[in-house]
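Chain residues, written in single-letter form:
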Amino acid sequence: MSTNVLRTSDGWWVVRDERAVRIDTKAVTTAELIADRDAVREAAASPNSGTPVVDLAALPPVTTPCRVVAQMVNYRSHAKDSGFTGDIPPTFFRKASGSVSGPHDAIVRPAHVKFLDYEVELGLVLGAPLPVGTVVEEQDLPRYVAGLVLTNDVSARDVQLTKTQFYESKSYPTFTPTGPYLTLLDAEDFAHLLNLRLRLNVNGVPRQDRTLADMIVRPAQALTLLARFQTLAPGDLLLTGTPGGTALKAPPAPVAKLSALLPPAVRWKAFFKGQAKNPLYLRDGDLITATITTPDGRLDLGEQRTAVTDAR
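Since we're looking at a predicted model, the values are computed, not measured.

**Points about the sheet that holds strand β16 (residues 205-211)**
Inference 1: Spatially, five strands are ordered β8-β19-β18-β15-β16 in an open sheet, and the strand pairing comes out mixed. Looking at strand neighbours, the two that pair on one side only are β8 (107-109) and β16, the edges of this open sheet. Pairs of neighbouring strands in the sheet enclose a mean axial angle of 15 degrees, with direction left out of account.
Inference 2: As paired strands, strand β15 (residues 197-202) and strand β18 (residues 287-293) are joined by six bridges and run antiparallel to one another. What sits directly across from Arg 199, in β18, is Thr 291.

Below, the structure is given as structure tokens:
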């Protein structure tokens, strides 16, 4: 069975219902914790031993910056929203490690960003080195993936679209809320991945709701494609794409064809004038809640609650 682990400023804890058991480990980084799975198993198996047990609510989670790679347009519903038709080539991009923030930290919208968007995503945490040239089959996933995390790939759409610049638009500080848990998996848990359901609400209103069955490129294939050119190490994080329901949506096909005839400056001016009327973009004071879980609760990555605030 999977094990939910919580990181705090003073150590690592195994989550047991509403309680948490301290893990007797010297690990500082995620990679070091993954290497010390015996300590995790011991805490999970012996919650009533001499190991400290505390109320879960008393432990504010924190995260550690890590190497972050992400997949673009990897759910059929998102592809439809984005106006893609036919085959979509698998595409990866990087996010700055400094964009990683805690699951309850505020998302800070930079002053120059007008169109701030959300993307709930499943994150794969690597548990073993993935050298260039590695081929990962479905049965190999337990060898390379140690666990899962809930993430939000926050995006500055006006920067992303006008500059075709994914790295900048998705890398501002607080643009990758992560956690609350690192869900460490046992081999039998991988058979349940496609049952994971991603949900995201804004101010209590549902925006995104899909299972991994909506994925275009699934984890084993994604790791194989990424390993054509990228080496990953234990503790690295791969974001696997978002389902449909984001604020940004492609204009209707006839409108897109007409706008393609306009000079770029005129086209973008018209596009963002229309986007300014879209009430779904994030604003100061909004509250985002996100979860990833299987219907039976076998895998439950916890809940994020992140408020949106304007840069002061």
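On we go.
**What to know about the side chain of Thr 242**
Inference 1: Tracing the sequence through the fold places Thr 242 in the loop between β17 (237-239) and α8 (253-259).
Inference 2: Within the structure, the side chain of Thr 242 is placed 2.8 Å from the backbone oxygen of Val 120, a separation counted as a polar contact.
Inference 3: Engagement of the side chain of Thr 242 in a polar contact is seen with the side chain of Gln 208, the distance being 2.8 Å.
Inference 4: In this structure, Thr 242 is in contact with Tyr 75, His 78, Glu 119, Val 120, Glu 121 and Gln 208, ignoring residues within four places of it in sequence.

**Digging into the sheet that holds strand β4 (residues 53-55)**
Inference 1: With respect to topology, 10 strands assemble into an open sheet ordered β4-β3-β2-β1-β14-β11-β10-β17-β5-β6, the strand pairing being mixed. Unpaired on one side and paired on the other, β4 and β6 (91-95) mark the two borders of the sheet. Between one strand and the next, the sheet's axes are offset by a mean angle of 30 degrees, whatever the strand orientation.
Inference 2: Across three bridges, the pairing between strand β3 (residues 19-22) and β4 is antiparallel. Looking across to β4, one finds that Val 21 is bridged to Val 53.

**What about empty space enclosed by the protein?**
Inference 1: Under the criterion given, the structure shown has two cavities of 30 Å³ or more.
Inference 2: Its boundaries defined by the atoms lining it, the largest cavity holds a volume of some 290 Å³.
Inference 3: Contributing to the lining of the largest cavity are 21 residues, with Thr 30, Thr 63, Val 149, Thr 178 and Leu 182 lying nearest its centre.
Inference 4: Ranked by residue count, the leading element in the lining of the largest cavity is strand β1 (residues 3-8), at three residues.
Inference 5: Of the residues belonging to the lining of the largest cavity, the class tally is 14 nonpolar, six polar and one charged.
Inference 6: One number sums up the size of the second largest cavity: a volume of about 40 Å³.
Inference 7: Lining the second largest cavity we find Gln 71, Met 72, Val 73, Asn 74, Ile 88, Pro 89, Pro 90, Thr 91, Ile 216 and Val 217.
Inference 8: Residues belonging to the lining of the second largest cavity are distributed by class as follows: seven nonpolar, three polar and no charged.

**Looking at the packing of aromatic side chains**
Inference 1: Summed over all chains, the structure comprises four aromatic pairs.
Inference 2: Geometrically, the ring pair formed by Phe 93 and Phe 166 is tilted, given 5.0 Å between the ring centres and 45 degrees between the ring planes. Highlighted residues: Phe 93 in strand β6 and Phe 166 in helix α6 (residues 166-169), separated in sequence by 73 residues.
Inference 3: Using a relative accessible area of 22% as the deciding quantity, one classes Phe 166 as partly exposed.

**Topic: the pairing of strand β11 (residues 145-152)**
Inference 1: Counting buried positions along β11 yields eight of eight residues, so the element is predominantly enclosed.
Inference 2: Relative to β11, strand β10 (residues 120-126) runs antiparallel, the two sharing seven bridges. Within β11, the residue paired with Glu 121 across the bridge is Thr 151.
Inference 3: Pairing between β11 and strand β14 (residues 182-184): two bridges, direction antiparallel.

**Describing the layout of surface pockets**
Inference 1: When its volume is computed, the second largest pocket comes out at roughly 390 Å³.
Inference 2: Lining of the second largest pocket is provided by 16 residues; of these, Ser 2, Asn 4, Val 15, Arg 16 and Asp 17 occupy positions nearest its centre.
Inference 3: Among the elements that take part in the lining of the second largest pocket, strand β2 (residues 11-16) stands out by supplying three residues, more than any other.
Inference 4: Of the residues contributing to the lining of the second largest pocket, the split by class is seven nonpolar, four polar and five charged.

Reading the values: rules and limits
- Residues numbered from 1 in each chain as written.
- Predicted model: local features only at pLDDT ≥ 70, side-chain atom pairs only at ≥ 80, totals over all residues.
- Heavy atoms only, no water.
- Pairing = 2+ DSSP bridges.
- Helix = DSSP H or I, 4+ residues; strand = E, 2+ residues; numbered from the N terminus.
- Axes fitted to C-alpha atoms, helices over the stretch in contact; angles between N-to-C directions.
- Polar contact = N/O pair within 3.5 Å; in protein donor to acceptor, adjacent residues only side chain to side chain.
- Contact = heavy atoms within 4.5 Å.
- 1 Å grid on protein atoms, 1.4 Å probe; cavity = no way out; pocket = protein on both sides within 12 Å on 5 of 7 lines; lining within 4 Å.
- Points joined across faces, edges and corners; volume = space filled by probe spheres on them.
- Nonpolar A, V, L, I, M, F, W, Y, C, P; charged D, E, K, R; others polar.
- Phe/Tyr/Trp six-rings, centres within 6.5 Å; stacked < 30°, edge-to-face > 60°.
- Buried < 20%, exposed > 50% of the residue type's maximum accessible area, 1.4 Å probe, protein only.

In short, geometric facts, not functional conclusions.
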